[in-house]
Amino acid sequence: VEVWDGKTLTEPNYNATEDVYEINAGSQLAWLAAAVSGTLPDTRAVAATSFAGETFKLTSDINLGENAWKPIGLGGEHFEGIFDGQGHTITGLKVTERFGGDRFALFCSLAGSAQIKNLVIDNAYIKYPGDGEDCYASAIAGTIYGNILFDNITVKNSTITGNNKVGAIFAHDGSSTQITIDECHVDSCYIASEDTVDGGCVGGLIGYYATGNKNKPNTISNSSVKNSTIVGINSTNSGKRANSEFIGCILT
């Protein structure tokens, strides 16, 4: 597997027959991040695009080489398409710098009808920089909005620490209309909040979940958290929040 150098951006191949973009290298995944954020550096640079209705597929495993990763959707932008890992693994994901944002994850923000599926994240290192500012940390998504699907995802052998909201699948529910989590598994991970002032919401799958419309059909099914350490705030302290195997905090 080619190891990404942390700098190169390469436009993914567009497969017209299947109407999908195909990603087979870290440089192409980094191109997607830059395109969503509107920061493509060359003459083909375009305004930020959410790729709503578009599909991206991994066609091989990806090694990001533990280079500094700029999450997909920085600058208040969102990914709204379909990301299908096709069973492939992303290794070497490392987010330890802000780059102007407070969501540390593969995807900074998901919205619309985004889908993340058939993906393995192995040996990710998501680390709060210790600067006293909010840091919503996750292997997959920082914040979600809209009707979001997480299907057949595994996060393993990873360290995920933030300042406040932390969860392996997503950290923070911004204003979702529907969440579906199926066949998502967390194995051998360390998931923690370092927030000792305002409280922390730490869960194996989800950090913070806001019910909003209590009648919306949200589901977590066929999922698991095992062999993992989940560290939140001591819930016996007044005003502090806690940790939980699946969901750290639920706002009703």
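Now for a quick tour of the structure. None of these values were measured; they are calculated from a predicted model.

### Some details on helix 1 (residues 26-37)
Point 1. Relative to the 16 Å expected for twelve residues at 1.5 Å per residue, helix 1 spans 17 Å between its end C-alpha atoms, a close match to the ideal helical length.
Point 2. The element helix 1 is largely enclosed, with a buried count of twelve among its twelve residues.
Point 3. Taken together, the buried positions of helix 1 are G26, S27, Q28, L29, A30, W31, L32, A33, A34, A35, V36 and S37.
Point 4. Tucked inside the fold, the buried residues of helix 1 contact strand 1 (13-15), strand 2 (20-23), strand 3 (55-58), strand 4 (62-63) and strand 5 (82-91).
Point 5. Phi for G38, located one or two positions after helix 1, is positive at around 75 degrees.

### Considerations on the environment of I126
Point 1. Within the fold, I126 resides in strand 10 (residues 125-126).
Point 2. In this structure the C-alpha to C-alpha distance between I126 and T161, which are 35 residues apart in sequence, comes to 6.0 Å.
Point 3. Apart from the residues lying within four places of it in its own chain, the contact partners of I126 are L93, V95, F104, A137, S138, T159, I160 and T161.

### Quick notes on the side chain of D84
Point 1. Along the chain, D84 falls in strand 5.
Point 2. No salt bridge is formed by the buried D84; its nearest oppositely charged neighbour, K57, is found at 4.7 Å.
Point 3. Beyond its immediate stretch of four places on either side in the chain, D84 contacts F56, K57, L58, K117 and N118.

### Here we look at the pairing of strand 3
For a regular strand, side chains alternate in direction, first toward one face of the sheet and then toward the other.
Point 1. Alternating residues of strand 3 divide into T55 and K57 and F56 and L58, and every residue in both groups is buried.
Point 2. Bridge count between strand 2 and strand 3: three bridges; the pairing is parallel. Looking at the pairing, Y21 lines up with F56 of strand 3.
Point 3. Where strand 3 lies against strand 5, three bridges are found, and the strand directions are parallel. In the strand pairing of strand 5, T55 is matched with I82.

### Some thoughts on the sheet that holds strand 16 (residues 190-193)
Point 1. Strand order in the open sheet made by the five strands is 6-10-13-16-21, with parallel pairing throughout. The open sheet terminates on both sides in strands that have one partner only, identified here as strand 6 (94-95) and strand 21 (229-231).
Point 2. Relative to strand 21, strand 16 runs parallel, the two being bridged by three bridges. Bridge pairing in strand 21 places I191 opposite I230.

### Remarks on the pattern of salt bridges
Pairing between side chains of opposite charge can happen when the charged atoms of each approach one another.
Point 1. One pass over the full model with this rule turns up four salt bridges.
Point 2. Where K57 meets E18, a salt bridge forms, and the shortest distance between an N and an O atom there is 3.9 Å. Taken together, the residues span a long stretch of sequence, with K57 in strand 3 and E18 in the loop between strand 1 and strand 2 at a distance of 39 residues.
Point 3. When its relative accessible area of 47% is taken as the criterion, E18 is described as partly exposed.
Point 4. For D102, the salt bridge is made with R103, and the minimal N-O distance between the two is 2.4 Å.
Point 5. A relative accessible area of 26% means that D102 is categorised as partly exposed.

The rules behind each value
- Residues numbered from 1 in each chain as written.
- Predicted model: local features only at pLDDT ≥ 70, side-chain atom pairs only at ≥ 80, totals over all residues.
- Heavy atoms only, no water.
- Helix = DSSP H or I, 4+ residues; strand = E, 2+ residues; numbered from the N terminus.
- Expected span 1.5 Å × (residues − 1).
- Buried < 20%, exposed > 50% of the residue type's maximum accessible area, 1.4 Å probe, protein only.
- Contact = heavy atoms within 4.5 Å.
- Lys, Arg positive; Asp, Glu negative; His and termini not counted.
- Salt bridge = Lys/Arg side-chain N within 4 Å of Asp/Glu carboxyl O.
- Pairing = 2+ DSSP bridges.

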